[in-house]
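Next come the chains, spelled out residue by residue.
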2 protein chains.
Amino acid sequence: MDKAALEEGADFAPRFDSNGLIVCIAVEAATREILMVAYMNQLALDKTIETGVAHYWSRSRNALWRKGDTSGQVQRVLSLSVDCDQDAILLTVEAGGDGKACHTGRKSCFYRRLEIGDGARRLVFAE
Amino acid sequence: MDKAALEEGADFAPRFDSNGLIVCIAVEAATREILMVAYMNQLALDKTIETGVAHYWSRSRNALWRKGDTSGQVQRVLSLSVDCDQDAILLTVEAGGDGKACHTGRKSCFYRRLEIGDGARRLVFAE
């Protein structure tokens, strides 16, 4: 697919990397909070589209991962968008369960931000 | 670094992939809109932290890329967060120039969403 078709066309042509994966961001619809970043392969993408529930590919377990199967944090997909060169996916979701998408028990995986003090880099916890 | 330190510690220990890259999401502070997804290597990350302006690593050009150098879309970084296992970075930014972060002239790279009609997948443009 040429660049114009990739960027300005109506054909959905996700570009998986050399490991067969594409990066995916899940955002909570109501708050626009970024919940997590994960990866999909073709199977996970197909399952997500077919079921309307987010599926990812676990790189650590090397297995299809229906988000929420063990935690209850099922993510109902309200929309799926793709970026200009189709190598990143954005899911807008409604989070099920208690809404804590991160496996650490937090709502978002992005719970620490960088601070610089006395020239040293350290992480501080949000709130 | 063990899992507990990685996830619950104050040490900033970004995990670059086998290509020396880490995925990075840029969000507009005022609107929480996701502008783009790009990659950083250690150099780009250091430059971002030192200057307070987003630097990425261009995989296509294989070069350090100070966002906005040619487009004027400089991104002033208000905060830099890391996810639980420190393999993804989230930048909250103020966009300079006319605010169009995408090289296609749009504000966000995520300007198309997937629709299913008659069993076929196609992209439709936002707004």
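Here, the structure is the one placed above.
Residues numbered from 1 in each chain as written. Chains lettered and ligands numbered in written order. Predicted model: local features only at pLDDT ≥ 70, side-chain atom pairs only at ≥ 80, totals over all residues. Heavy atoms only, no water.

Chemist: Let's hear about the relation of the copies chain B and chain A: which residues, and what values?
Modeler: Take chain B, turn it by 180°, move it 0.0 Å along the axis, and it overlays chain A with an RMSD of 0.0 Å. The transformation relating the two chain copies, once decomposed into turn and shift, fits a two-fold axis. When each C-alpha of chain B is compared by its distance to the rotation axis, R32(B) comes out closest, at 3.2 Å. Of the interface residues in chain B, 100% have counterparts in chain A that sit at the interface too, so the contact is made through matching surfaces. (Least-squares fit on C-alpha atoms with pLDDT ≥ 70 in both. Contact = heavy atoms within 4.5 Å.)

Chemist: Explain unusual backbone geometry residue by residue, including any values.
Modeler: The phi dihedral of R32(A) is positive, around 65°, even though this residue is not glycine. Looking at the element boundaries, R32(A) is found in the loop between β1 (22-28) and β2 (34-40). (Helix = DSSP H or I, 4+ residues; strand = E, 2+ residues; numbered from the N terminus.)

Chemist: Provide a residue-level description of the sheet that holds strand β1 (residues 22-28) of chain B, including the pertinent values.
Modeler: Ordered in space as β8(A)-β7(A)-β5(B)-β6(B)-β1(B)-β2(B), the 6 strands form an open sheet in which the pairing is mixed. Edge strands, defined here as strands with exactly one partner in the open sheet, are β8 (120-125) of chain A together with β2 (34-40) of chain B. For this sheet, the mean angle separating the axes of adjacent strands, direction not counted, is 35°. (Pairing = 2+ DSSP bridges. Axes fitted to C-alpha atoms, helices over the stretch in contact; angles between N-to-C directions.)

Chemist: Before we move on, can you summarise the side chain of K67(A) with the specific residues and values?
Modeler: All names here are of chain A. Within the secondary structure layout, K67 lies in the loop between β4 (63-66) and β5 (75-82). With no salt bridge to any partner, buried K67 finds its closest opposite charge in D98, at an N-O distance of 9.1 Å. Filtering out sequence-adjacent residues up to four positions away, K67 remains in contact with M36, A54, Y56, Q73, V74, Q75 and A101. (Buried < 20%, exposed > 50% of the residue type's maximum accessible area, 1.4 Å probe, protein only. Lys, Arg positive; Asp, Glu negative; His and termini not counted. Salt bridge = Lys/Arg side-chain N within 4 Å of Asp/Glu carboxyl O.)

Chemist: Describe in detail the interface of chain B and chain A, supporting the description with residues and values.
Modeler: Taken residue by residue, the interface counts 48 residues in chain B and 48 residues in chain A. Both sides of the chain B and chain A interface together cover about 3900 Å² of buried area, and 57% of this is carbon and sulfur. By the criterion of area lost to chain A, the three top residues of chain B are F110(B), R112(B) and R121(B), representing 17% of everything that side buries. In this structure, D46(A) engages R121(B) in a salt bridge whose closest nitrogen and oxygen atoms are separated by 2.9 Å. Those elements giving two or more residues to the side of chain B that touches chain A turn out to be α1 (3-8), β1, β2, α2 (42-51), β5 (75-82), β6 (88-95), β7 (112-117) and β8 (120-125) of chain B. A total of 5 residues in the side of chain B that touches chain A trace back to one element, the largest contributor, which is α1(B). Its residues assigned to classes, the side of chain B that touches chain A shows 25 nonpolar, 7 polar and 16 charged. (Buried area = accessible area lost by both parts, 1.4 Å probe. Nonpolar A, V, L, I, M, F, W, Y, C, P; charged D, E, K, R; others polar.)

Chemist: Give a detailed account of the sheet that holds β1(A), specifying residues and quantitative values.
Modeler: Strand order in the open sheet formed by 6 strands is β2(A)-β1(A)-β6(A)-β5(A)-β7(B)-β8(B), with mixed pairing between adjacent strands. Of all strands in the sheet, those bounded by a partner on one side alone are β2 of chain A together with β8 of chain B. Adjacent strand axes in the sheet meet at a mean angle of 35° when their direction is disregarded. Pairing between β1(A) and strand β6 (residues 88-95) of chain A: 6 bridges, direction parallel. Counted as the bridge partner of E28(A) is V93(A) from β6(A).

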